[in-house]
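Chain by chain, the residues:
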Amino acid sequence: MTPGPDLVMITNLVLNGSLRVATAAALGMITAGAVQAGLGAAGLAALLAASPGLFAAFRWAGAVVLLGWAVLAVRRATARAGAGAEAPAQATGSPAVPAHATGEPSVRQAFGQGLLCTGSNPKVGIFLMAFLPQFVPVGMAPEIGVPLLAACYLALGLLWLLTWMRLVHRLAPHLRSPRVLRIADSLTAAVFGLFAVRLALGG
């Protein structure tokens, strides 16, 4: 439940797009988590933990992805500011930005963004493989217990994302003015930028 890149992306997609698009991104995130759990169980997590150079390469790749999304959010905020300046006479609360200017993705693109957002963070797989084995019940084989716990973890993650999306969606009518969306895009850019620096520095 701790705010991170995934939650920031979901919030932005609900405000700028729709529940359908945000749900596709959430499914992409959970899919990436499942793939990382599977790869971790197969030994990739241990390999990354034992190979600082390889792990650093994955970290930098993830940082580049986050930084790219920060740039896109800045562009959206700039587009909204420009559109608001060109159409000051529009009614209060009515979006002054055309759909293409907000960068709203398709369902397939949103799924890919969610997949990349979670999949580009190597710490997810390492965390799962370091955390879950501690809770395998006594007497249960690890090759059964770890995948079962991973499935429970991912199901809870999806439930939280869907719950958060509903909460944001309920508030969205009050948050979709050009000014609020511009602020949201600016905050999104700042958060993604901070997470990119943090990931690159190994924090």
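These notes cover the structure that comes with them. Predicted, not measured: the structure shown is a model, and the values here were computed from it. (Residues numbered from 1 in each chain as written. Predicted model: local features only at pLDDT ≥ 70, side-chain atom pairs only at ≥ 80, totals over all residues. Heavy atoms only, no water.)

What follows concerns the side chain of glutamine 36. Here glutamine 36 shows up in helix α2 (residues 19–41). If we ignore the near neighbours within four places in the chain, the residues touching glutamine 36 are Thr118, Gly119, Asn121, Val124 and Gly125. (Helix = DSSP H or I, 4+ residues; strand = E, 2+ residues; numbered from the N terminus. Contact = heavy atoms within 4.5 Å.)

Glancing now at the nonpolar core. Met9, Ile10, Trp69, Met165 and Phe192 are the most contacted members of the largest nonpolar core, which totals 31 residues. Contributions of two or more residues to this core are made by α1 (5–16), α2, α4 (52–86), α6 (107–119), α8 (142–175) and α9 (178–201). For methionine 9, the residues in contact, after removing those within four places along its chain, are Met29, Trp69, Gln113, Gly114, Cys117 and Phe192. Listed in part, the 7 residues of the second largest apolar core include Ala37, Val136, Val146 and Ala150. (Core = buried A, V, L, I, M, F, W, Y, C linked by side-chain atoms within 4.5 Å. Buried < 20%, exposed > 50% of the residue type's maximum accessible area, 1.4 Å probe, protein only.)

The next thing to look at is the environment of proline 142. Mapped onto the secondary structure, proline 142 falls in helix α8. Given the relative accessible area of 51%, proline 142 is considered exposed. In sequence terms proline 142 and alanine 41 are 101 residues apart; their C-alpha atoms lie 9.7 Å from each other. Ignoring any residue separated from it by four or fewer positions in sequence, one finds proline 142 in contact with Val136 and Pro147.

For the rest of this paragraph, the subject is the packing of aromatic side chains. Under the criterion given, the structure shown has 1 aromatic pair. A ring pair is formed by tryptophan 160 and tryptophan 164, whose centres lie 5.8 Å apart and whose planes are at 45°; its orientation type is tilted. Here tryptophan 160 pairs with tryptophan 164, and both are found in helix α8, just 4 residues apart, close to one helical turn. (Phe/Tyr/Trp six-rings, centres within 6.5 Å; stacked < 30°, edge-to-face > 60°.)

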